[in-house]
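Remarks on the overall topology
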Amino acid sequence: MNKGKVDVLLGLQWGDEGKGKVVDVLTPRYDVVARFQGGPNAGHTLEFNGEKYVLRSIPSGIFQGGKVNIIGNGVVLAPDLFMDEAKALEASGHPLRERLHISKKAHLIMPTHRVLDAAYEAQKGKNKVGTTGKGIGPTYTDKVSRTGLRVGDILENFPEKYAAAKARHEAILKSLNFEYDITEVEKKWLEGVEYLRQFPIVDSEHEINGLLREGKSVLCEGAQGTMLDVDFGSYPFVTTSNTICAGACTGLGIGPNKIGEVFGIMKAYCTRVGAGPFPTELFDETGKKIRDLGHEYGAVTGRERRCGWIDLVALRYSIMVNGVTQLIMMKSDDLDGFDTIKAGTANRVNGSVTRDFPYNIEQGIEPIYEELPGWKTDMTRFTSEDQFPQQFKDYIAFLERELETPITIISIGPDREQTILRNGK
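So, here is what we can say about the structure in this document. This structure is a prediction, so every number in the text was calculated from the model and none was measured.

1. Details of the overall build of the protein
Scanning the protein from N- to C-terminus turns up 11 helices and 20 strands. Computed over the C-alpha atoms, the radius of gyration of the protein is 21 Å, within 12% of the 22 Å expected from 2.2 N^0.38 for a compact globule of 425 residues. Projected onto its principal axes, the C-alpha positions of the protein cover 65 × 50 × 40 Å. Split into buried and exposed, the 425 residues of the protein put 57% on the buried side. Sequence separation of 24 or more characterises 77% of the internal contacts of the protein that already satisfy a separation of 6 or more. For the protein, the accessible area works out to roughly 17,600 Å², and carbon and sulfur atoms hold 48% of it.

2. Describing helix 7 (residues 204-213)
Within helix 7, eight of the 10 residues are buried, leaving the element largely enclosed by the surrounding structure. Turning to helix 7, its buried residues number three or more, namely Ser-204, Glu-205, Glu-207, Ile-208, Asn-209, Gly-210, Leu-211 and Leu-212. Backbone geometry just after helix 7 places Gly-215 at a positive phi near 90°.

3. Topic: the sheet that holds strand 5 (residues 68-71)
Read across the sheet, 10 strands follow the order 9-7-5-2-10-1-11-15-19-20 without closing on themselves; strand pairing throughout is mixed. The sheet is open, and its two borders are formed by strand 9 (201-202) and strand 20 (419-421), each paired with just one other strand. Against the sheet, helix 1 (residues 19-26) makes contact with strand 1 (6-11), strand 2 (32-35), strand 10 (218-221), strand 11 (259-267), strand 15 (326-330), strand 19 (407-411) and strand 20, and its axis sits at roughly 155° relative to strand 1, the strand it touches most. Its contacts with the sheet put helix 7 on strand 1, strand 2, strand 5, strand 7 (100-103), strand 9 and strand 10, and the angle it makes with strand 5 is roughly 145°.

4. Let's talk about the nonpolar core
In globular proteins that are soluble, nonpolar side chains generally tend to be buried together. Among the nonpolar cores identified, the biggest contains 53 residues, and Val-8, Cys-220, Met-329, Phe-388, Phe-392, Tyr-395 and Leu-399 are the most heavily contacted of them. Ranked by residue count, the leading element in this core is helix 11 (residues 390-403), at six residues. If near-sequence neighbours (up to four positions away) are discounted, Tyr-395 is found in contact with Ala-268, Ile-310, Met-329, Ile-341, Leu-372 and Trp-375.

5. A few points about the side chain of Lys-166
Of note, Lys-166 is situated in helix 5 (residues 158-175). A distance of 2.9 Å separates a polar atom in the side chain of Lys-166 from a polar atom in the side chain of Glu-186. Discounting residues that sit within four places of it in the chain, Lys-166 has contacts with Met-110, Thr-112, Ile-182 and Glu-186.

6. With respect to the pairing of strand 19
Buried residues dominate strand 19, accounting for five of its five residues. Across three bridges, strand 15 lies against strand 19 in parallel orientation. Across the sheet, the residue bridging to Leu-327 is Ile-407, located in strand 19. Sheet topology places strand 19 next to strand 20; three bridges connect them, and they run antiparallel.

7. Some remarks on the layout of surface pockets
By volume, the second largest pocket is sized at about 230 Å³. Taken together, 15 residues make up the lining of the second largest pocket; nearest its centre are Tyr-140, Lys-143, Thr-240, Ser-241 and Asn-242. Of the residues forming the lining of the second largest pocket, the biggest block, five residues, is contributed by helix 4 (residues 136-144).

8. Section: the pattern of salt bridges
This structure, assessed with the given rule, holds 24 salt bridges. Between Asp-334 and Lys-331 there is a salt bridge, with its nearest N and O atoms 3.4 Å apart. Under the relative-accessibility criterion, Asp-334 is labelled buried at 9%. Here Lys-331 falls in the partly exposed class, since its relative accessible area comes to 22%. A salt bridge links Lys-342 to Glu-371; the shortest N-O distance between them is 3.8 Å. Here Lys-342, found in strand 16 (residues 340-349), pairs with Glu-371, found in strand 18 (residues 365-373); they are 29 residues apart in sequence, far enough to count as distant. By relative accessible area, Lys-342 is classed as partly exposed at 28%. Residue class for Glu-371 comes out exposed when judged on its relative accessible area of 53%. Linked by salt bridges that have partners in common, Asp-16, Lys-267, Glu-296, Arg-305, Lys-331 and Asp-334 make up one network.

9. What to know about the state of the cysteines
Summed over all chains, the structure comprises zero disulfides. Looking at Cys-307, it has no disulfide partner, and the nearest cysteine sulfur is the one in Cys-270, 9.1 Å off. What makes Cys-307 buried here is its relative accessible area of 1%.

10. A short note on the packing of aromatic side chains
Scanning the model with the defined rule gives 13 aromatic pairs in all. Taking the centre distance of 6.2 Å and the plane angle of 55° together, the rings of Phe-82 and Tyr-195 count as tilted. Remark: Tyr-195 occurs in helix 6 (residues 183-196) and Phe-82 occurs in helix 2 (residues 79-91); sequence separation between them is 113 residues. Across the pair, exposure class does not vary: Phe-82 and Tyr-195 are buried alike. The interplanar angle of 25° and the centroid separation of 5.0 Å between the aromatic rings of Tyr-162 and Trp-189 together place this pair among those described as stacked. Of the two residues, Tyr-162 is situated in helix 5 and Trp-189 in helix 6; the sequence distance between them amounts to 27 residues.

11. Quick word on unusual backbone geometry
A cis amide bond links Tyr-235 with the next residue in sequence, Pro-236, at an omega value of 5°. Even without being a glycine, His-295 presents a positive backbone phi close to 50°. Checked against the element boundaries, His-295 lands in the loop between helix 9 (285-294) and strand 13 (306-308). Owing to a relative accessible area of 62%, His-295 belongs among the exposed residues under this scheme.

How each quantity is defined
Residues numbered from 1 in each chain as written. Predicted model: local features only at pLDDT ≥ 70, side-chain atom pairs only at ≥ 80, totals over all residues. Heavy atoms only, no water. Helix = DSSP H or I, 4+ residues; strand = E, 2+ residues; numbered from the N terminus. Rg over C-alpha atoms; globule rule 2.2 N^0.38 Å. Buried < 20%, exposed > 50% of the residue type's maximum accessible area, 1.4 Å probe, protein only. Contact = heavy atoms within 4.5 Å. Areas by Shrake-Rupley, 256 points an atom, 1.4 Å probe, with all protein chains shown as cover. Pairing = 2+ DSSP bridges. Axes fitted to C-alpha atoms, helices over the stretch in contact; angles between N-to-C directions. Core = buried A, V, L, I, M, F, W, Y, C linked by side-chain atoms within 4.5 Å. Polar contact = N/O pair within 3.5 Å; in protein donor to acceptor, adjacent residues only side chain to side chain. 1 Å grid on protein atoms, 1.4 Å probe; cavity = no way out; pocket = protein on both sides within 12 Å on 5 of 7 lines; lining within 4 Å. Points joined across faces, edges and corners; volume = space filled by probe spheres on them. Salt bridge = Lys/Arg side-chain N within 4 Å of Asp/Glu carboxyl O. Disulfide = S-S within 2.5 Å. Phe/Tyr/Trp six-rings, centres within 6.5 Å; stacked < 30°, edge-to-face > 60°.

Printed below as a string of structure tokens:
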């Protein structure tokens, strides 16, 4: 890995791929870990030393001492939720204030943003997107409509700025006839704003580029997954930011010529939370078995994840739009007990077979599967790829051929120690 370069780590499916664990594993290689988009709707789960942590806004490199962690300008931040998350980490013995820097240009999620989120979803009825209700969409809406409130605004004339933004939201909610009460939430939110002031609030684009000039190495951490990207995902059932590699440039203020490796994370199968199309979804006992074995419930919401076989059509598309150089496969161990493993290699759309990801995947898509023998082996205690059963080695080789990208890291359990590095990576 080259010093002074930026590597990017992101999800290739519909989120929940296991990005938090991988960032924690890779962090020792880097000087800086920076989050570039998303908000507290995305939970990154990490397990080590018998403890389990769920991070929502704080970069997953926070557990490694001596690293700079940056919340970039592309992130949307809820002060009250950030305060809860940060205090819980500090209480468990992880110092933050000398490790965590926050961009002045990151936008603030206001209490009224959450109400607007609920109001808009209620208005959509059966066509609702299935948001987490954290106010992410309305916050990004304010950002692009140039009426947003940013972290840097808390440093000067904040009461006036907050009152004006709140009044705009209240006018919209009045027009929607939506009843709400934010008294208690707002009180805690304002407490969170005061808590935020205790952290270094920085011009993060200058800081990151300065660190790069010093020869420091940066790992950029994405949230959600490529198939939820607002431009390239399964629109309109997407998030409201760019989850792809290009989002690291706009979400941190770095030039594309600085990017080196692009790590794409995928599960050995596929999951999705909330509404939206999912071509390889399983509605039978196999889908339920995958959910139970994989403990597939949202880290933030607790919602059941929809489960299905791996979708190689979508993965090839994700690899293309991100420029992925290395693949990281998670949750392999959850398929340990299956006699047969399936992989969607193409789709039949309106009678024609295609390997390209279509404009619209909402209807009329029939996945075409290739079946492979299962490995029927408990791999959770393995420490080397030499221990992998031949059937699993064949599965890896099959995926590498189909995706034309090397799989360099394989996770065989939730703990950071249950990670196999391949090919000397």
